[in-house]
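Here's the letter readout for the chains.
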Amino acid sequence: MISDIKKDIENRMSKTVSVYKEDLLTIRAGRANPSLLDKITIDYYGQATPLNQAASISAPEAKLLVIQPWDANLIPEIEKAILKSDLGLNPSNDGKLIRLAIPQLTEERRQELTKVVKKNGESAKVAVRNIRREAMDDVKKLEKNKEITEDEQKVYEEDIQNLTDKHIKLIDQATENKEKELMEI
């Protein structure tokens, strides 16, 4: 029973950290990275489709992304989706592919993005703490129902807290790394 609770919270906390790290990849840090476009969806024959499933995206240079749609008729749709996104990029096309020049980030934009990273990091930590709270409640219920002793409850709560601390450290480390990357010129 307790081992199931521990495995469950370990999995849920790890997923929270990995989702947070994936979100960090979509925040532009001045370098061209195909994952910048992961959140962009286009209308592909009446179906909302992620851009990376309708085109190949590559970064041939540090400041350039190249999008090559599998269907050239999608170029206007892709351009529209990129312009609507909050990335602030201007696409240019030659009829076969779209080029996205990644401009250098201004100091002001770097600071804004750093704030976004911190806010997202706090949200991820809140999610981890909510998982901890649920697990603590489960352990208290087990003790209340006399399925475990009070001493066992204390040990399990300590284990849960250690797992929480470990995952919060991972989130803090990822946040710190992204902030360094953003402030790098």
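Engineer: Explain the side chain of Glu-157 to me, using residue names and the numbers behind them.
Structural biologist: As for its placement among the helices and strands, Glu-157 is situated in helix H4 (residues 150–183). As a buried residue without a salt bridge, Glu-157 has its nearest oppositely charged side chain in Lys-154, at a separation of 4.5 Å. Those residues in contact with Glu-157 that sit more than four places away from it in its chain are Met-136, Val-139 and Lys-140.

Engineer: Go over the packing of helix H3 (residues 107–144) against H4 with me, naming the residues and quoting the values.
Structural biologist: Running from amino to carboxyl end, H3 crosses H4 at an angle of 170 degrees, the nearest separation of the two axes being 10 Å. Judged by the angle between their axes, H3 and H4 are roughly antiparallel. Looking at side-chain class alone, the contact of H3 with H4 contains 13 nonpolar, eight polar and 13 charged residues.

Engineer: Outline the packing of aromatic side chains, supporting the account with residue identities and numerical values.
Structural biologist: For the structure on display, the rule yields one aromatic pair. Relative to Tyr-45, the ring of Tyr-44 has its centre 5.0 Å away and its plane inclined at 55 degrees; by these criteria the two rings are tilted. Relative accessible area serves as the criterion here: at 27%, Tyr-44 is assigned to the partly exposed category.

Engineer: Go over the confidence of the model for the protein, please, and point to the residues and values.
Structural biologist: Detailed reading of the predicted coordinates is not advisable wherever pLDDT is low. In this model, the protein carries an average pLDDT of 86, and 98% of its residues clear a pLDDT of 70 or more. By mean pLDDT, the top-scoring element of the protein is H4 (91), and the lowest-scoring one is strand S1 (residues 41–44) (84).

Engineer: Describe in detail the sheet that holds strand S3 (residues 55–61), supporting the description with residues and values.
Structural biologist: Within the open sheet, the four strands sit side by side as S3-S4-S6-S5. Their pairing is antiparallel. Each edge of the open sheet is held by one strand with a lone partner, namely S3 and strand S5 (91–93). The mean angle between the axes of side-by-side strands here comes to 25 degrees, regardless of whether they run parallel or antiparallel. In this structure, strand S4 (residues 64–69) lies alongside strand S6 (residues 98–101), joined through four bridges in antiparallel fashion. Of the residues in S6, the one forming a bridge with Leu-64 is Ala-101.

Engineer: Outline the side chain of His-167, supporting the account with residue identities and numerical values.
Structural biologist: For His-167, the position within the fold is in helix H4. At a separation of 3.2 Å, a polar atom in the side chain of His-167 contacts the side chain of Ser-14. With residues near it in sequence (within four places) discarded, His-167 still touches Glu-10, Met-13, Ser-14, Val-17 and Val-128.

Engineer: Describe in detail unusual backbone geometry, supporting the description with residues and values.
Structural biologist: Phi is positive for Tyr-45, close to 55 degrees, though the residue is something other than glycine. A relative accessible area of 63% means that Tyr-45 is categorised as exposed. One non-glycine residue, Lys-146, lies in the positive phi region at around 65 degrees. Mapped onto the elements, Lys-146 comes out in the loop between H3 and H4. In this structure Lys-146 comes out as exposed when scored by relative accessible area, which is 69%.

Here is what the cut-offs are and how they apply
Residues numbered from 1 in each chain as written. Predicted model: local features only at pLDDT ≥ 70, side-chain atom pairs only at ≥ 80, totals over all residues. Heavy atoms only, no water. Helix = DSSP H or I, 4+ residues; strand = E, 2+ residues; numbered from the N terminus. Buried < 20%, exposed > 50% of the residue type's maximum accessible area, 1.4 Å probe, protein only. Lys, Arg positive; Asp, Glu negative; His and termini not counted. Salt bridge = Lys/Arg side-chain N within 4 Å of Asp/Glu carboxyl O. Contact = heavy atoms within 4.5 Å. Axes fitted to C-alpha atoms, helices over the stretch in contact; angles between N-to-C directions. Parallel < 35°, antiparallel > 145°, perpendicular 65-115°, else oblique. Nonpolar A, V, L, I, M, F, W, Y, C, P; charged D, E, K, R; others polar. Phe/Tyr/Trp six-rings, centres within 6.5 Å; stacked < 30°, edge-to-face > 60°. pLDDT = per-residue confidence, 0-100. Pairing = 2+ DSSP bridges. Polar contact = N/O pair within 3.5 Å; in protein donor to acceptor, adjacent residues only side chain to side chain.

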